[in-house]
Amino acid sequence: VQLVESGGGLIQGGGSLRVSCAASGSILRIVAVGWYRQAPGKQRELVAAISRDSETTYADSVKGRFTISIDNAKNTVYLQMNSLKPEDTAVYYCNAEGFDRDYRPWNYWGQGTLVTVSS
């Protein structure tokens, strides 16, 4: 299974950006996906997570600004980020867990996509 993030970039404060995490390979089912971020000199932190049934959870710092969604048919999870702030600047990683076609569990990380918010 491979996870590929896309959609990062440079955006002015107050703007919006959507990042995507596409899973491919021997996938029977995705159980849950989380978006994490890591700013320079800081620990990686959970930003938002979603289950296959679309149950969501958000970090307090992004509630009301970020929205996570899942397209089960495309095995893709999106993170819509609005009202971006300079402190949202980080490398954003997705982490997904699920089962492959042999019913074996898997858990993988993507390579990360950089989001830079200018002031």
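Right above here is the structure, for reference.
Residues numbered from 1 in each chain as written. Predicted model: local features only at pLDDT ≥ 70, side-chain atom pairs only at ≥ 80, totals over all residues. Heavy atoms only, no water.

**Notes on the pairing of strand S5 (residues 45-51)**
Where we set the bar: Relative accessibility decides the category of a residue: with a 1.4 Å probe and only protein chains considered, values under 20% of the type maximum give buried, values over 50% give exposed, and everything between is partly exposed. Numbering of helices and strands runs from the N terminus; a helix is a DSSP stretch of H or I covering at least four residues, while a strand is a stretch of E covering at least two. At least two DSSP bridges between two strands are required for those strands to pair.
Counting buried residues in S5 gives five out of seven residues, a clear majority hidden from the surface. Linking strand S4 (residues 29-38) back to S5 in an antiparallel pair, the connection comprises six residues, with Gly41 at a positive phi of about 75°. For S5 and strand S6 (residues 56-58), the ladder comprises three bridges, and the chain directions are antiparallel. Looking at S6, one finds that Ile50 is bridged to Thr56. Hairpin connection, S5 to S6: the antiparallel pair is bridged by four residues, and Ser54 has positive phi, about 70°.

**Structural notes on a nonpolar patch on the surface**
The line we're drawing: Patch building starts from residues that exceed 30% relative accessible area and form no salt bridge, then joins like charges within 9 Å and nonpolar side chains (Val, Leu, Ile, Met, Phe, Trp, Tyr) within 5 Å. Computed by Shrake-Rupley with a 1.4 Å probe, the accessible areas treat only the displayed protein chains as cover when residues are assessed. A pairing counts as a salt bridge when a side-chain nitrogen of Lys or Arg comes within 4 Å of a carboxyl oxygen of Asp or Glu.
Taken together, Leu28, Val31, Phe99 and Tyr103 make up a surface patch of nonpolar side chains, about 380 Å² in accessible area. Mapped onto the elements, Phe99 comes out in strand S9 (residues 90-99).

**Details of the packing of aromatic side chains**
Applied cut-off: Ring pairs are drawn from Phe, Tyr and Trp, using the six-membered ring of Trp, whenever the two centres fall within 6.5 Å, and their geometry is named by plane angle: stacked under 30 degrees, edge-to-face over 60, tilted for the rest. In this analysis the charged atom, NZ for Lys or CZ for Arg, is taken to sit over a ring once it is within 6 Å of the ring centre and within 35 degrees of the ring normal.
Evaluated as defined, the whole model comprises two aromatic pairs. Ring centres of Trp106 and Tyr108 lie 5.9 Å apart, and the angle between their planes is 35°; on these two criteria the pair is classed as tilted. In this structure Trp106 comes out as buried when scored by relative accessible area, which is 7%. Lying over the aromatic face of Tyr93, Arg44 brings its terminal NZ or CZ to 3.8 Å of the ring centre. When the ring centre of Trp109 is taken as origin, the NZ or CZ atom of Arg44, which lies over that ring, is 4.7 Å away.

**As for unusual backbone geometry**
In this structure, Ser54 takes a positive phi of about 70° despite not being glycine. With respect to the helices, strands and loops of the structure, Ser54 is situated in the loop between S5 and S6. Judged by its relative accessible area of 44%, Ser54 falls in the partly exposed class. Positioned with a positive phi, Asn75 is a non-glycine residue whose angle comes to about 50°. Examined against the element boundaries, Asn75 turns out to sit in the loop between strand S7 (66-71) and strand S8 (76-81).

**Remarks on the environment of Gly34**
To be explicit about the condition: Throughout, a contact is declared for two residues whenever any of their heavy atoms are within 4.5 Å.
Mapped onto the elements of the fold, Gly34 is located in strand S4. What Gly34 contacts, discounting residues up to four positions off in sequence, is Leu46, Ala48, Ala49, Tyr93, Cys94 and Asn95.

**Thoughts on the state of the cysteines**
Keep this limit in mind: Here, two cysteine sulfur atoms that lie within 2.5 Å of each other are counted as a disulfide.
This model, assessed by the stated rule, comprises one disulfide. Put simply, Cys21 and Cys94 are joined by a disulfide, and their sulfur atoms are 2.1 Å apart. Sign of the S-S torsion, about 60° for the bond between Cys21 and Cys94, identifies this disulfide as right-handed. Of this pair, Cys21 sits in strand S3 (residues 17-24) while Cys94 sits in strand S9; the two residues are 73 residues apart in sequence, bridging distant segments of the chain. Residue Cys21 is classed as buried on the basis of its relative accessible area of 3%. Of the residues examined, Cys94 reaches a relative accessible area of 0% and is grouped as buried.

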